[in-house]
Amino acid sequence: MVALSQSSAGGVLALLFDPEPVLKQYALKSLNALVPQFWAEISEHIALIESLYESEELPQEAHDQAALLASKVYYYLGEYDEALSFALGAGSAFEADSRSPGNEEYVETVVSKAIDRYIQSRTAEQAGDGKVDPRLQGIIEGIFRRCIEDGEYRQAIGIALESRRLDVIKHIYEQTHDTALLSYAMEAVLDTAFPLAYRDQVLKFLFPLFPAPTGDAKSPHVYSLTRILVTLNSPEMTINFLSSLVPGQKLLAYQFAFDLVEGGGQDFLEAIRKDLPEGNEESKPIYDQLRKILRGQESIKLYLEFLKRNNKVDMLILKNTKDALEPRSSIYHTALTLQNAFMHAGTTSDIFLRENLEWLALANNWSKFSAAAAIGVIHKGHFQESMNILGPYLPAQGAESSTGSSAYSEGGALYALGLVNAGCGSGQEVENYLRNLLKNAASEVVQHGAALGLGVAGMGGKSAEAYDDLKQTLFTDSAVAGEAAGYAMGLIMLGTADATSAEEMLTYARETQHEKIIRGLAIGLALIFYGRQEEADEMVKLLMAEKDPILRYGGVYTLALAYAGTSNNAAVRQLLHVAVSDTSDDVRRAAVTSLAFLLFKNPAQVPRMVQLLSESYNPHVRCGATLALGIACAGTGLQDAVDILEPMTRDSVDFVRQGALIALGMILVEQSEASSPSLAPTRALYAKIVSDKHDDPMARFGAALGQGLIDAGGRNVTISLQSRAGSRNTSAIVGMVLFCQFWYWYPLAHCACLAFEPTGIIGLDENLKAPKFEFISNAKPSLFAYPSPTKPPKKETVTKVATAVLSTTAKAKAREKRKAAAEGETVPSDEKKDGDVEMKSGEPSTRNEDVSPISLAEGTSTPKSRKSEPSSEKLSNFSRVTPAQLAYITFPPESRYQPVRVVSTRPPPGPIKTAKSASAAVLAAERYAGGGGILIMADTRRGEETEYIEFETQPVAPAAGAPPAAQNPPAPAAGRHIALDENAPEADPPESFEYPFDNDT
């Protein structure tokens, strides 16, 4: 017999009016099961149900049932706050009901609301405003209990972080002893928008929970500890930690020092160096080594050596670009200058400049400034020799040269000096030298170069003297010098949120009439509030309300830099709103570009977010979308981003095409043809656009820059906005912000080199020397190989074309032969002329048939089968290892040298079979570009003789000789000059050489 379905809840509702409490209780229990079907009918009696909940006649169980019924009705009515209030009153009834089937959606919604309300209550309670409802506390405790029982630890940690319940995190760790959960809590608090004070509180709470690292265990949480120390920026905490490793774990202490240099600011590292203890007889040499490492110069020297040894620049690409671009055009001259600078960044190889002195001499005015600054990019990190290298171009002692044209090369050389010393110039002699020139120079061009150089060299140094000198330059109200001073003031005070500086800069920006100065100050303000999150909100609000679009432009960058890397939802929403509503195209373009600085830790999100913006009717918004994709997805080879950018290279507007071509270069840097199918077509597109004389100059400029970026740093660097430990890479973020200003001022494009991250494994022993050793890459060599060099075009030799003989002609001739033979005549044999080919109708043609390129690629009918590619390869110390390749690196157990920390934060993946899975591996690698870099190696066979790598970049003069050189720049013949090729056999010293900038007329 089939049970009849119920058509109304009226009968059960009638029992609620019965005076008998038992019947009311029965009715409430029955109605709870009927709510999903008859909630509309039941809702008409909600007042009665509420009165039953408050009635004292009914037992406690009936009270709970009435509250649960009211909660469900309000849930179906969409009144979630009321639903939660009654669910809290339902007590045990709600908990029992949550396990019954069919109520999952209701329970999930109420629990979600309960968590939200609990978080609000806890935040208010922490601020001393109100208390948490004990019933709510009970529900949340139940949620924590269930999460821990079910093994959903990460969910529990997420709720605990939001609700300020750090005791729960400690309880979970004590139960599991899983450091990965502590690392998860650290990432959660760093990569989402928690207030700064609470973020620091959580990090200080988590740090002691991590077990002490040991070199034998190769603990993966080494990266987390480094990241906490860099983020907290606390010298005292860092010194205590380093001291705990000395002398027992001295190798690990050295490793931490190198890792801190990767992410820490100059002032932070200097404070640690000053306060490190002297130590006793045993520990003094260790502390001295730590001070040496923390100076930052050791890391720079090692990466300089790495880039010089592995330089794989394809000179033919540069030559082809030079031949295609008209050198007398300023934009093309600058394009080739930037391309050469990027391709040779940090390699100290200026062979292209030496071989093309005539081309170089065609530079004039600001092109000359850019060409001189490019030497700084090429020699970035060669700080010991910076005065020797740039000596011939720096201003002479006393004042700058009298002729006006040489001021451009002198200004460019001062900017170059800053780029060479980027990241290690604060408090050094170079800073004093640039300050003196800034004060004494009469030419605004020289002041411009000195200000930019001072800003880049002293970035984040917070030098009050340098800031005051720049301020005096700003107050001269020179448009050219003032713009550079604005940028440099922001660079010096990077991330300080200094209210006095910000107020001075904003006041002057409102008063001056020069747009260039306003723009410099606007970006300078943004730099001051770098990483300050909610502390910058007031300044952002102030700037976004300005009438001047240039200040609103600065407001956009202030917002982006304040929340850099946090993916803050409110900041993203505000930028998207500005991108579609502001009246200024420049501001809208900047808003879209700035999304990259918020979202670079989650590159896969960006293509989806800018997809619609990339199809906007406004070309400036489309241009912003190209740069947003390029910066956020840099170095990932992300195919989704490439798919959006490829159609944009054919856009109708020239500057959109320019942006797309530059962005493709950033995304495909260090990709191989095996890992990214778009690499070869993109390179071919660059060559085609550069050589097309009818294409727009801006598109050709973009293609030249793209060629430079895709092969940056001799094909040994990637572009990454985060450090190897996963913290923000400050110099890279600043470099990319300044690079984006090339729209207004081409020389600022050189700052892209600040984002170039060398990708190699550099192993050092306890004496900080580089021993020879090998390690294994468990991936096919082609997957991470260097691109094959460009082949010069072959000279075409004229060959005779075979004359086709038709089959009908052959048949006619055969008939004539037979006829002549029958008549007994001798016919002279018709020998085929040289080159005639008979076309046979019966045979399929093998020469001209259409062959599928796929079958050719697979080699279906090749008589010699191609040798199968090995599944792994051996690499030596100082080899290039790309971020995606790090997961495949292993050190054989029998190897003499073993790293004291894990090479990669990620577990080794399975074998890669296709390009698509390779691309996915690269993207997975980009969550954190963790690993690699400088590794301290433990020697497992101490007694044996060690063979060391001989460094090619050896200093000629001690660094202490820099100040006299600064006063009297030496003639180039006095010693080795501008990175001569030291691999070549011994030869006579070259003649002295200066760039012939002053020969132009």
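What counts, and at which threshold
Residues numbered from 1 in each chain as written. Predicted model: local features only at pLDDT ≥ 70, side-chain atom pairs only at ≥ 80, totals over all residues. Heavy atoms only, no water. Helix = DSSP H or I, 4+ residues; strand = E, 2+ residues; numbered from the N terminus. Buried < 20%, exposed > 50% of the residue type's maximum accessible area, 1.4 Å probe, protein only. Contact = heavy atoms within 4.5 Å. Axes fitted to C-alpha atoms, helices over the stretch in contact; angles between N-to-C directions. Parallel < 35°, antiparallel > 145°, perpendicular 65-115°, else oblique. Left-handed = near helix turned anticlockwise from the far one by under 90°. Nonpolar A, V, L, I, M, F, W, Y, C, P; charged D, E, K, R; others polar. Pairing = 2+ DSSP bridges. Salt bridge = Lys/Arg side-chain N within 4 Å of Asp/Glu carboxyl O. Core = buried A, V, L, I, M, F, W, Y, C linked by side-chain atoms within 4.5 Å. pLDDT = per-residue confidence, 0-100. Expected span 1.5 Å × (residues − 1). Polar contact = N/O pair within 3.5 Å; in protein donor to acceptor, adjacent residues only side chain to side chain. Phe/Tyr/Trp six-rings, centres within 6.5 Å; stacked < 30°, edge-to-face > 60°. Lys NZ or Arg CZ within 6 Å of the ring centre and 35° of its normal.

A count of helices and strands for the protein gives 47 helices and 11 strands. Residues classed as buried in the protein amount to 55% of the 1001 residues present. Across the protein, the fraction of contacts at a sequence separation of at least 24, relative to all contacts at a separation of at least 6, is 76%.

Now for the packing of helix 32 (residues 537-544) against helix 33 (residues 549-562). It is at 8 Å that the axes of helix 32 and helix 33 come closest, and there the two elements cross at 155 degrees. On the basis of the axis angle, helix 32 is roughly antiparallel to helix 33. In the packing of helix 32 onto helix 33, the handedness of the crossing is left-handed. Residues Met-539, Val-540, Leu-543 and Met-544 of helix 32 lie in contact with helix 33, whose contacting residues are Leu-551, Arg-552, Gly-554, Gly-555, Val-556, Thr-558 and Leu-559. For the contact of helix 32 with helix 33, the class distribution of residues is seven nonpolar, three polar and one charged.

Here strand 3 (residues 760-764) lies mainly inside the structure; five of its five residues are buried. Neither face of strand 3 is open: one carries Gly-760, Ile-762 and Leu-764, the other Ile-761 and Gly-763, and all of them are buried. Note: strand 3 against strand 8 (residues 879-880), two bridges, orientation antiparallel. Note that in strand 8 the partner of Ile-761 across the bridge is Ser-879. In this sheet, strand 11 (residues 933-939) lies alongside strand 3 in parallel orientation, the contact comprising four bridges. Note on strand 11: the bridge partner recorded for Leu-764 is Ile-936.

What follows concerns the pattern of salt bridges. When the charged atoms of two side chains with opposite charge come close together, those side chains can pair. Under the criterion given, the structure shown has 36 salt bridges. When the shortest N-O distance is used, the salt bridge between Lys-301 and Glu-298 registers 3.4 Å. Of this pair, Lys-301 and Glu-298 both sit in helix 18 (residues 297-309), three residues apart, which is roughly one turn of the helix. When its relative accessible area of 30% is taken as the criterion, Lys-301 is described as partly exposed. Here Lys-471 ties to Asp-468 by a salt bridge, and the two come within 4.0 Å at their closest N and O atoms. In this pair, Lys-471 and Asp-468 both sit in helix 28 (residues 464-474), three residues apart, roughly one turn of the helix. Among the residues examined, Asp-468 registers a relative accessible area of 37% and is labelled partly exposed. Here the salt bridges share partners, and the residues they tie into one network are Glu-278, Lys-284, Asp-288 and Arg-291.

What follows covers the sheet that holds strand 7 (residues 873-876). Backbone hydrogen bonds are what pair the strands of a sheet, in a parallel or an antiparallel way. One open sheet holds the three strands; their spatial order is 7-4-9, and the pairing between them is antiparallel. Across the chains shown, the open sheet's two edge strands, defined by having one partner strand only, are strand 7 and strand 9 (889-890). Pairing geometry for strand 4 (residues 774-777) and strand 7, over four bridges, is antiparallel. Among the inter-strand pairings, Glu-774 is bridged to a residue of strand 7, identified as Ser-876.

Let's shift gears to the nonpolar core. Among the nonpolar cores identified, the biggest contains 282 residues, and Ile-42, Phe-94, Met-736 and Phe-739 are the most heavily contacted of them. Not counting residues within four places of it along the chain, the set of residues in contact with Ile-42 comprises Ala-9, Leu-13, Leu-31, Leu-34, Val-35, Ile-49, Leu-69 and Val-73. In this structure, Leu-875, Leu-886, Phe-891 and Val-903 belong to the second largest nonpolar core, which totals 12 residues.

Turning to the sheet that holds strand 10 (residues 897-899), a few remarks are in order. The four strands lie next to each other as 8-3-11-10, forming an open sheet whose pairing is mixed. The strands lining the two open edges of the sheet, one partner per strand, are strand 8 and strand 10. Looking at chain direction, strand 10 and strand 11 are connected through three bridges and run antiparallel. The residue of strand 11 that forms the bridge with Pro-899 is Met-937. Helix 15 (residues 250-263) rests against strand 3 and strand 11 of the sheet, and its axis sits at about 175 degrees to strand 11. Sitting on the sheet, helix 18 is in contact with strand 3, strand 8 and strand 11, with an inclination near 125 degrees to strand 3.

Bringing helix 9 (residues 153-162) into the picture now. Turning to helix 9, its buried residues are Ala-156, Ile-157, Ile-159, Ala-160 and Leu-161. Where helix 9 is buried, its residues contact helix 7 (104-126), helix 8 (134-149), helix 10 (166-176), helix 11 (179-191) and helix 12 (196-206). Just downstream of helix 9 lies Arg-164, where phi reads positive at about 60 degrees.

On to the confidence of the model for the protein, then. Here the protein averages 80 in pLDDT, and 85% of its residues register 70 or above. The model gives residues 830-865 a pLDDT under 50, and that stretch makes 18 contacts with residues more than four places away or in other chains.

End to end, helix 7 covers 32 Å across 23 residues, agreeing with the expected 33 Å (1.5 Å per residue, within 8%). On its buried face, helix 7 is in contact with helix 4 (60-76), helix 5 (80-90), helix 6 (92-97), helix 8 and helix 9.

Let's shift gears to the side chain of Asn-568. Along the chain, Asn-568 falls in the loop between helix 33 and helix 34 (569-581). With relative accessibility at 11%, the residue Asn-568 sits in the buried group. In this structure the side chain of Asn-568 is engaged in a polar contact, spanning 2.9 Å, whose partner is the backbone nitrogen of Ala-571. Other than its neighbours up to four places away in sequence, Asn-568 contacts Ala-193 and Tyr-563.

Scanning the entire structure with this criterion turns up 27 aromatic pairs. With 6.4 Å between their ring centres and 50 degrees between their planes, Phe-773 and Phe-775 make a pair best called tilted. This pair shows no difference in class: Phe-773 is buried, exactly as Phe-775 is. Seen in terms of ring centroids, Phe-773 and Phe-891 are 6.0 Å apart; in terms of plane orientation they differ by 45 degrees. Their pairing is tilted. In this pair, Phe-773 sits in the loop between strand 3 and strand 4 while Phe-891 sits in the loop between strand 9 and strand 10, placing the two residues 118 residues apart along the sequence. With respect to burial, Phe-773 and Phe-891 carry one shared label: buried. For the cation-ring pair, Arg-519 lies above Tyr-744, with the distance from its terminal atom to the ring centre recorded as 3.7 Å. Taking NZ or CZ as reference, Lys-769 lies 5.3 Å from the ring centre of Tyr-948, over its face.

Another point: the environment of Arg-901. With respect to the element layout, Arg-901 can be found in the loop between strand 10 and helix 46 (915-925). A residue is classified by how much of its surface remains accessible, and Arg-901, at 1% relative accessible area, is buried. A polar contact of 2.7 Å, which involves the side chain of Arg-901, links it to the side chain of Tyr-223.

Glycine aside, the phi torsion of most residues is negative, and most peptide linkages are trans. Located in the positive-phi region is Thr-348, a residue other than glycine, with phi close to 60 degrees. One non-glycine residue, Arg-715, adopts positive backbone phi at about 65 degrees. Following the sequence through the fold, Arg-715 ends up in helix 42 (residues 712-715).

Relative orientation of the contacting elements helix 39 (residues 654-667) and helix 40 (residues 679-691) amounts to 145 degrees, with a least axis distance of 11 Å. Where helix 39 crosses over helix 40, the two elements pack in a sense that is left-handed. Here helix 39 contributes Leu-661, Leu-664 and Gly-665 to the contact with helix 40, which in turn contributes Thr-682, Leu-685, Tyr-686 and Ile-689. Its residues assigned to classes, the contact of helix 39 with helix 40 shows five nonpolar, two polar and no charged.

This next bit is on the environment of Phe-210. Mapped onto the fold, Phe-210 is located in the loop between helix 12 and helix 13 (222-232). Considering only alpha carbons, one finds Phe-210 and Ser-224, 14 residues apart in sequence, at a separation of 9.1 Å. Not counting residues up to four positions away in its chain, the partners in contact with Phe-210 are Thr-179, Leu-182, Ser-183, His-221, Ser-224, Leu-225 and Ile-228.

Turning next to the side chain of Arg-657. Along the chain, Arg-657 turns up in helix 39. Assessed through its relative accessible area of 10%, Arg-657 is described here as buried. Only 2.4 Å separates the side chain of Arg-657 from the side chain of Asp-696, close enough to count as a polar contact. Those residues in contact with Arg-657, other than ones at most four positions away along the chain, are Met-648, Thr-649, Arg-650, Asp-651, Ser-652, Asp-695, Asp-696 and Ala-699.

To continue, consider the environment of Gly-11. Position of Gly-11 relative to the elements: it lies in helix 1 (residues 10-15). Taking the C-alpha atoms as reference points, Gly-11 and Ala-27, 16 residues apart in sequence, are found 9.3 Å from one another.

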